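Here is what each chain is made of, one letter per residue.
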Amino acid sequence: MHGPTTPLYINLLIFLMAAFLGLGLIRRVSKLLHTPLMSLTNAISSVSVVAALIVLAEPKNMMITLFATVAVALAATNVVSGFMITERILRMFKRDTGGKSK
Amino acid sequence: MTNALIGYCYVIAAVLFILSLKWMSEVQTSRRGNWAGSLGMLIAVLTTLIAYRTQHLDMIILAVAVGTLIGIPIALKLPMTAVPQRTAMSHAFGSLAVALVGTAEYYQRLPGIDTFAMAVLAAEMILGYLTFTGSTIAFLKLQEMISGKPLIYKGRNVISALVVLFAVSAAVGLVLQPNQTLLLPVLVAAALLFGFLLVMGIGGADMPTVIAILNSYAGLSAAALGFVLDNQLLIVAGTLDGASGLILAILMCKAMNRSFANVLFGGFGATSTQPGQQVTGEIKPVSVEDAYLILEGASSVVFVPGYGLAVSQAQQAVRELGEVLQKHGVEVLYGIHPVAGRMPGHMNVLLAEANVPYDELLEADAVNPKMPNTDVSVVIGANDVVNPAAREDPTSPLWGMPIIEVDKSRTVIVLKRSMRPGFAGVENPLFFKPNTRMLFGDAKASIQALIAEFSQE
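Scoring rules and cut-offs
Residues numbered from 1 in each chain as written. Chains lettered and ligands numbered in written order. Predicted model: local features only at pLDDT ≥ 70, side-chain atom pairs only at ≥ 80, totals over all residues. Helix = DSSP H or I, 4+ residues; strand = E, 2+ residues; numbered from the N terminus. Buried ≥ 20, exposed ≤ 12 C-beta atoms within 10 Å, placed from the backbone. Contact = placed C-beta atoms within 7 Å. Rg over C-alpha atoms; globule rule 2.2 N^0.38 Å. Core = buried A, V, L, I, M, F, W, Y, C linked by C-beta atoms within 7 Å. Domains from an automatic or database assignment. Nonpolar A, V, L, I, M, F, W, Y, C, P; charged D, E, K, R; others polar. Pairing = 2+ DSSP bridges. Axes fitted to C-alpha atoms, helices over the stretch in contact; angles between N-to-C directions. Arc of directions from axis to C-beta. pLDDT = per-residue confidence, 0-100.

Q: What is the right way to look at the overall build of chain B in this model?
A: Tallying secondary structure elements over chain B gives 17 helices and six strands in all. Structurally, chain B occupies a C-alpha span of about 80 × 50 × 35 Å along its principal axes. Out of the 457 residues in chain B, the part that is buried amounts to 53%. Long-range contacts, defined as pairs at least 24 residues apart, comprise 79% of the intrachain contacts of chain B with a sequence gap of at least 6.

Q: Honestly, the overall build of chain A in this entry has me stumped. Any pointers?
A: Across its full length, chain A carries four helices and zero strands. The secondary structure elements of chain A, listed N-terminal to C-terminal, are α-α-α-α. Scaling as 2.2 N^0.38, a compact globule of 102 residues should have a C-alpha radius of gyration of about 13 Å, whereas chain A reaches 19 Å, well beyond that. In terms of overall dimensions, chain A has C-alpha extents of about 65 × 35 × 15 Å along its principal axes. Looking at chain A residue by residue over its 102 residues, the buried ones come to 56%.

Q: What should I look at first to understand the nonpolar core in this one?
A: A general tendency of soluble globular proteins is for nonpolar side chains to be buried together. A52 and V72 of chain A together with V101, L187, L234 and I380 of chain B are the most contacted members of the largest nonpolar core, which totals 189 residues. Apart from the residues within four sequence positions on either side, V101 of chain B is in contact with S48, A51, A52, V55, A68 and A71 of chain A together with L225 of chain B.

Q: When you look at the domain arrangement of chain B in this model, what are you seeing that I'm missing?
A: For an interface, size is often stated in terms of accessible area lost upon the parts coming together. Residues and elements named next belong to chain B. Parsing chain B into structural domains produces domain 1 (1-77), domain 2 (87-271) and domain 3 (288-455). Distance from the C-alpha centre of domain 2 to the C-alpha centre of domain 3: 37 Å. On the domain 3 side, the residues contacting the 16 residues of domain 2 number twelve residues. Put simply, the parts of the chain that give the side of domain 2 that touches domain 3 at least two residues each are helix 8 (207-229) and helix 9 (232-255). Classifying every residue of the side of domain 2 that touches domain 3 gives twelve nonpolar, four polar and no charged.

Q: What is the right way to look at the sheet that holds strand 4 (residues 376-380) of chain B in this model?
A: Sheet strands line up and pair through hydrogen bonds in the backbone, either parallel or antiparallel. Residue and element names in this part refer to chain B. With parallel pairing, six strands are arranged side by side in an open sheet as 3-2-1-4-5-6. Pairing within the sheet leaves two strands with one partner each, and these edge strands are strand 3 (361-363) and strand 6 (436-440). Taken pair by pair, the neighbouring strands of this sheet meet at an average axis angle of 25°, ignoring direction. Its contacts with the sheet put helix 11 (residues 288-296) on strand 1 (300-305), strand 4, strand 5 (411-416) and strand 6, and the angle it makes with strand 6 is roughly 135°. Across the sheet, helix 13 (residues 315-327) is in contact with strand 1, strand 2 (331-336) and strand 4; its angle to strand 1 comes to roughly 175°.

Q: Whenever I open this one, the pairing of strand 2 of chain B confuses me. Can you help?
A: Looking down a regular strand, the side chains alternate between one sheet face and the other. Residues and elements named next belong to chain B. Most of strand 2 is tucked away: five of the six residues are buried. Note that strand 1 and strand 2 share four bridges and pair parallel. Looking at the pairing, F303 lines up with Y334 of strand 2. Summarising the sheet, strand 2 and strand 3 pair through three bridges and their orientation is parallel.

Q: I keep staring at the environment of T411 of chain B and nothing clicks. Help me out?
A: All names here are of chain B. Within the secondary structure, T411 is located in strand 5. Judged by the 19 C-beta atoms lying within 10 Å of it, T411 falls in the partly exposed class. Distance in space between the C-alpha atoms of T411 and R437 is 7.6 Å, their sequence separation being 26 residues.

Q: When you look at helix 11 of chain B in this model, what are you seeing that I'm missing?
A: All names here are of chain B. Buried within helix 11 are the following residues: A291, I294 and L295. Looking straight down helix 11, one finds its buried side chains confined to an arc of 95°; they lie on one side. Next to the buried residues of helix 11 lie strand 1, helix 13, strand 4, strand 5, strand 6 and helix 17 (443-455).

Q: Sorry, what's going on with the interface of chain A and chain B here?
A: Facing 81 residues of chain A, the contacting portion of chain B comprises 98 residues. Counting residues per element, the ones that place at least two in the side of chain A that touches chain B are helix 1 (8-27), helix 2 (34-45), helix 3 (49-57) and helix 4 (62-92) of chain A. Among the elements that line the side of chain A that touches chain B, the one with the most residues is helix 4 of chain A, at 28 residues. When the residues that make up the side of chain A that touches chain B are grouped by side-chain class, the tally is 49 nonpolar, 22 polar and ten charged.

Q: Quick question: what am I supposed to make of the confidence of the model for chain B here?
A: The predicted coordinates should not be examined in detail at positions where pLDDT is low. Residue and element names in this part refer to chain B. Residue-level pLDDT values for chain B average 88, and 94% of them are 70 or greater. For chain B, helix 10 (residues 260-265) is the element with the lowest average pLDDT, namely 71, and helix 2 (residues 27-51) is the one with the highest, namely 94. In this model, residues 267-273 is a region of pLDDT below 50 whose contacts with residues beyond four sequence positions or in other chains number 18 contacts. We note a pTM of 0.89 for the whole complex and an ipTM of 0.92 for its interfaces.

Q: Honestly, the pairing of strand 5 of chain B in this entry has me stumped. Any pointers?
A: Residues and elements named next belong to chain B. Across the six residues of strand 5, five count as buried, placing the element largely inside the fold. Relative to strand 5, strand 4 runs parallel, the two sharing five bridges. Its bridge partner being in strand 5, V376 is matched across the sheet by T411. Summarising the sheet, strand 5 and strand 6 pair through five bridges and their orientation is parallel. Residue pairing for strand 6: K416 is matched across the bridge by F440.

What follows is the structure, given as structure tokens:
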């Protein structure tokens with residue numbers, strides 16, 4: 001659709017790099033934050049909304065349009081609630097800074 | 001917009017996603033991480049909208065509006081105890097979205113899909129649809145709309161294997177003959193059924209692992225879609241999500257001393273029917289007053305919460321008791337077992353919500369060395385994660401599981417409603433140890449009574 005397609009080995013390389021990078025990064029995430037981590041990665045993986053938008057660029061028939069539109073709504077729900085809940089959870093984590101003596 | 005410009009915008013989005021996870025490693029930088037992720041998403045979506053001029057902008061706006069209207073109330077009103085359900089639901093939504101796009105892409109490319117694209121599409125659809133039903137069942141179980149007990153019947157693994165065989169055969173058929181559109185519904189139905197069977201067979205105690213595995217599947221199916229659409233941003237973001245779910249699942253399995261295969265195909269308790277050694281000893285119930293006197297004389301106290309704490313909504317009360325003790329010069333810490341909540345890290349969130357400072361929340365590895373020098377450990381609504389049988393009884397189903405070693409502290413006070421065993425259905429010798437005192441009753445009521453005792457001084 002858009003210029004020459006990327007050879008498979010390049011995409012595989014990207015996949016493997018991302019996998020090793022991801023494993024390395026996630027290993028270092030504090031256990032304290034595993035719940036917000038999950039809501040964050042969930043929101044991020046809803047970047048699949050991009051795929052739905054690409055399909056919606058030139059859908060061949062109504063069914064394709066319908067499927068992709070429903071996918072946009074589902075992914076948008078995840079994006080909005082995912083980032084917002086992550087923010088809400090992260091705000092709850094406070095350090096012990098004299099707030100005690102209330 | 002030129003192709004190159006689109007590409008660079010996607011690169012920026014991908015870098016923001018990576019930074020987002022990097023900043024998520026510590027509490028101090030975590031909120032910046034969340035903002036980086038949000039910004040990356042915004043860039044990715046806007047770039048795509050501008051680059052691929054669509055004939056359906058009105059429908060897209062409508063869909064995004066619907067998604068936003070559903071998403072915002074969930075995000076704002078959701079109680080923290082319900083975060084695991086929300087997570088399961090979002091895995092269901094995410095994987096269904098990916099599966100639907102995959103299906104749409106299949107019809108879009110008919111006739112004449114090349115073999116490679118068809119193979120990846122088939123794998124992506126199987127993964128997406130099975131994650132959808134699996135996550136939906138996980139949601140229903142966590143929401144307690146259906147029983148959390150594993151559905152176990154004779155020949156369960158044979159039936160599951162047959163369903164998988166159906167799905168794979170349909171996939172192979174499609175790869176060989178992509179234009180055989182009748183095979184697609186077979187593939188979809190088999191994948192949906194397999195996800196259903198898979199999670200129906202898993203018990204409530206295994207939910208943290210299941211959620212993590214489904215997280216991984218949802219990410220991997222998004223990455224597969226990236227291969228089909230030749231979209232590297234999707235490959236990167238999906239793979240990061242897949243890696244995250246995988247690591248969390250491994251950590252959860254380690255925390256329960258179980259293998260992946262055991263979680264997925266065993267069903268807790270199904271593989272270990274022997275109840276472990278008979279426990280001997282005497283149960284020593286105490287009154288609130290006695291418990292008060294024990295705590296009053298302590299100089300260090302470790303609270304060990306389990307999900308029972310959240311069930312009785314006692315987080316606030318525990319934090320208050322902790323503060324009262326700190327005012328008496330007692331050192332107060334919290335020992336958090338990885339599977340104390342209903343999903344990875346859940347208990348930390350529940351206590352953070354109750355304003356417990358996060359530097360008082362310690363992992364098992366950090367708190368166990370402190371146990372021999374701890375005067376009193378207070379176990380609230382936890383059972384299996386403090387069961388010394390994991391260390392002492394090789395015949396116990398819990399044998400080898402890392403626990404919080406409260407039995408090594410000088411005195412243990414266990415707050416418990418009754419003598420019912422935990423999820424694993426295993427006797428807990430902790431309750432019979434000479435240094436253990438049982439304070440029976442509702443956890444929240446007991447803790448509030450203890451706070452009242454302190455304020456009477």
